[in-house]
Amino acid sequence: MRDIWDVVVIGAGPAGLAAATTLAEQGASVILFDENLGPGGQVYRGIEQTASHPSLRAALGADYASGGALADRFRRSTAAYLPASLVWQVTPDREVWVSCDGASTRMQAGQVIVATGAMERPVPVPGWTLPGVMTVGALQTLLKSASMVPDVPFVLTGSGPLLLLFAQQCLKVGAPPAAILDTTTRTNAIAAARLLPAAMKGQGWRYLLKGLALKRALRESAIRQYSHVTGIRIEGTDHATGVSFHANGQAHRIDAAIVALHEGVIPAQQMARSIGCAFSWNDRQACFVPDTDAWGNSSMPGILIAGDGAGIGGAIAAEHSGRLTAFEALRRLSRIDAAGRDTLAAADLRARNAHLAVRDFLDQLYAPPPEILAPADDVLVCRCEEITAGELREVARQGCQGPNQAKSFLRTGMGPCQGRLCGPIVSAVLAQAHNVGMDDIGYFRIRPPLKPITVGEIAEMGGRLIDA
Amino acid sequence: MFRRLDADAGDISFRFNDTEIVARQGDSVAAALLAAGLCAIRATPVTGASRAPYCMMGVCFDCLVEIDGVGNRQACLIPARNGMIVRRQTGARDLL
Ligand code: FES
């Protein structure tokens, strides 16, 4: 494999696939690295395998199936592709270190497009570390990639389009959940209503219609449903056995061996932060978002961020965003000039905006309930090092000023997940404790290696780890 | 815990500690373990609490296992392969 590329793309979701395909079609040398076994990212997970399972494809829906064309076009392009590969370091001067099958290699990229997408927002509720508790996305991944559905009573809890979509997919494959606990707040629903007119613009009305159809299908189903749910607590000692919660002013409890949590998605921060890209808190989406311009340029020259990783916009917006960053990368490589870029990008710019029209409404409607960002004292915040919100508040009282200091106080963020899950909660809890904003409290400094690689692997490489 | 939508159980197999796990081509190790009815596949180094795959997309690291002698592999990202030796990780603090 060559070790110098015009562009290295990281992540094979809609943004990464569109970016790599466009670059290859425009004659650039491009390689795409991805953790998964096949193209599609999370949203089109298993898109090539499900092609031979028509009934599963049908149950997953037309939007999912549309990812097939994107993957096909990518496969037909000259873009190089390394699935099941872990990029564990990208330096500010665009050296890319990647591990595949236990061996690491280093490449030099002219431009890097980070398309590492989104992750589900951590949902720190009591009992969320028990076996049997997963994210809604995790259950959907099992369905898409392994045709698996729960065969025990299970409950979906939380809020957001993915939760509704997955509930309907479960219905279609004949494995409905025992109950849906919807945590969408009344306040959000009322505030969102005002944003409806703007949300119908562009392609927004399509999303609204789809949402209405989903809600209708669920209403007409036999699934037990609770609205404005609060106080979710998962019960069990070695494994989830049930979930208790409040709804309609009453306490409830439901037996369940699998409880799936979902409170929307947030940009995956690890890669961009490790390179040194600047982030800012986005109040509307209640998450940290990298600072980018309309073309995906981050604060680091030559590091572009495409798709949901640059701010949540959904799969179609991500695809357009992938192409936009590709055109900008071509300009940065001096293969086209700014006017050429603008001509090539016009259609994608328009289309992306049309698909973003509905976002303000969705962000408002599905904003996480306050208790998600302010877990009770006895709730584990850091799953790896088993640190509770109470312990974190205690060190804040003792003078711990921010997330990076919390590492030395408590080891939060120093376990195997390197703060991927606890990061957003640690920042939120400390910001509340000190009564400052999220940008003031900041976030974990993320250092390579971003993935567990063996000491031998580093030694073979000559061990040139950069302390970013 | 889980069932497959169709009858095809798979035609590859690997070991998880002392258990023979049958898997399908394209399964991740984590999916194959869950399909085989295993859930708690690791214990935390701090308190020894049982953990199971949480995110299935490489974020939470609660699926860490030892595969063919190499520790701290993310079972949700590694494809199941015939003859693999997978072991449960318990106790020792994870080395990164
Ligand atoms: S299940 Fe979360 S990293 Fe594997």
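My aim in this report is to walk through the structure given alongside it, one point at a time. (Residues numbered from 1 in each chain as written. Chains lettered and ligands numbered in written order. Predicted model: local features only at pLDDT ≥ 70, side-chain atom pairs only at ≥ 80, totals over all residues. Heavy atoms only, no water.)

1. Structural notes on the overall build of chain A
Helix and strand counts for chain A stand at 19 helices and 22 strands. On C-alpha atoms alone, chain A measures out to a radius of gyration of 22 Å, which is about the 23 Å that the 2.2 N^0.38 rule sets for 468 residues. Overall, the C-alpha framework of chain A stretches about 65 × 50 × 40 Å when taken along its three principal axes. Long-range contacts, defined as pairs at least 24 residues apart, comprise 65% of the intrachain contacts of chain A with a sequence gap of at least 6. (Helix = DSSP H or I, 4+ residues; strand = E, 2+ residues; numbered from the N terminus. Rg over C-alpha atoms; globule rule 2.2 N^0.38 Å. Contact = heavy atoms within 4.5 Å.)

2. Let's talk about the packing of helix 15 (residues 389-397) of chain A against helix 17 (residues 423-434) of chain A
Residues and elements named next belong to chain A. Between helix 15 and helix 17, the least distance of the axes is 10 Å, while the angle of their chain directions is 45°. Relative to helix 17, the element helix 15 is oriented oblique. Here helix 15 and helix 17 pass one another in a crossing that is right-handed. Note on element contacts: helix 17 touches helix 15 through Val426, Val429, Leu430, Gln432, Ala433 and His434, opposite Ala389, Leu392, Arg393 and Ala396. Considered class by class, the residues forming the contact of helix 15 with helix 17 number seven nonpolar, two polar and one charged. (Axes fitted to C-alpha atoms, helices over the stretch in contact; angles between N-to-C directions. Parallel < 35°, antiparallel > 145°, perpendicular 65-115°, else oblique. Left-handed = near helix turned anticlockwise from the far one by under 90°. Nonpolar A, V, L, I, M, F, W, Y, C, P; charged D, E, K, R; others polar.)

3. Examining the nonpolar core
Residues A:Leu23, B:Phe14 and B:Val29 are the most contacted members of the largest nonpolar core, which totals 99 residues. Residues contacting B:Val29, with those up to four places away along its chain left out, are B:Phe14, B:Ile67, B:Ala75, B:Ile78, B:Pro79, B:Ala80, B:Met84 and B:Val86. (Core = buried A, V, L, I, M, F, W, Y, C linked by side-chain atoms within 4.5 Å. Buried < 20%, exposed > 50% of the residue type's maximum accessible area, 1.4 Å probe, protein only.)

4. Quick word on the interface of chain A and chain B
At the junction of the two partners, chain A supplies 55 residues and chain B supplies 42 residues. Interface of chain A and chain B: buried area, both sides summed, is about 4000 Å²; carbon and sulfur atoms make up 61% of it. Our count for the chain A to chain B interface comes out at two salt bridges. Between A:Arg383 and B:Asp62 there is a salt bridge, and its shortest N-O distance comes to 2.7 Å. The tally of links from chain A across to chain B stands at 14 residue pairs in polar contact (both at pLDDT 80 or more). Elements with a minimum of two residues in the side of chain A that touches chain B: strand 7 (118-120), strand 8 (133-135), helix 5 (136-146), strand 9 (148-150) and strand 16 (258-263) of chain A. Of all the elements, helix 5 of chain A adds the most residues to the side of chain A that touches chain B, at seven residues. Its residues assigned to classes, the side of chain A that touches chain B comprises 30 nonpolar, 15 polar and ten charged. (Buried area = accessible area lost by both parts, 1.4 Å probe. Salt bridge = Lys/Arg side-chain N within 4 Å of Asp/Glu carboxyl O. Polar contact = N/O pair within 3.5 Å; in protein donor to acceptor, adjacent residues only side chain to side chain.)

5. Brief notes about the packing of aromatic side chains
Residue and element names in this part refer to chain A. Evaluated as defined, the whole model comprises seven aromatic pairs over all chains. For the ring pair tryptophan 88 and tryptophan 97, a centre distance of 5.4 Å and an interplane angle of 55° mean the geometry is tilted. The two residues tryptophan 88 and tryptophan 97 agree in class, both being buried. Their ring planes at 65° and their centres at 5.9 Å tell us that tyrosine 443 and phenylalanine 444 sit as a pair that is edge-to-face. Judged by relative accessible area, which is 2%, phenylalanine 444 ranks as buried. Taken together, the ring pairs in this structure connect Trp281, Phe288, Tyr443 and Phe444 into an aromatic cluster. (Phe/Tyr/Trp six-rings, centres within 6.5 Å; stacked < 30°, edge-to-face > 60°.)

6. Observations concerning the sheet that holds strand 14 (residues 242-247) of chain A
Within a beta sheet, neighbouring strands are joined by backbone hydrogen bonds and run either parallel or antiparallel to one another. Residues and elements named next belong to chain A. One open sheet holds the three strands; their spatial order is 13-14-15, and the pairing between them is antiparallel. Because the sheet does not close on itself, it has two edges, and the strands there are strand 13 (230-235) and strand 15 (250-255). In this sheet, neighbouring strand axes are inclined to one another by 15° on average, regardless of whether the strands run parallel or antiparallel. (Pairing = 2+ DSSP bridges.)

7. Description of the sheet that holds strand 11 (residues 179-182) of chain A
All names here are of chain A. The strand order across the open sheet built from five strands is 8-16-10-11-12, with neighbouring strands paired in parallel fashion. Edge positions in the sheet fall to strand 8 and strand 12 (224-226), since each of these pairs with one other strand and no more. Ignoring which end each strand starts from, the neighbouring axes of this sheet average 20° apart. As defined by bridge partners, strand 10 (residues 154-159) adjoins strand 11 across four bridges and the pair is classed as parallel.

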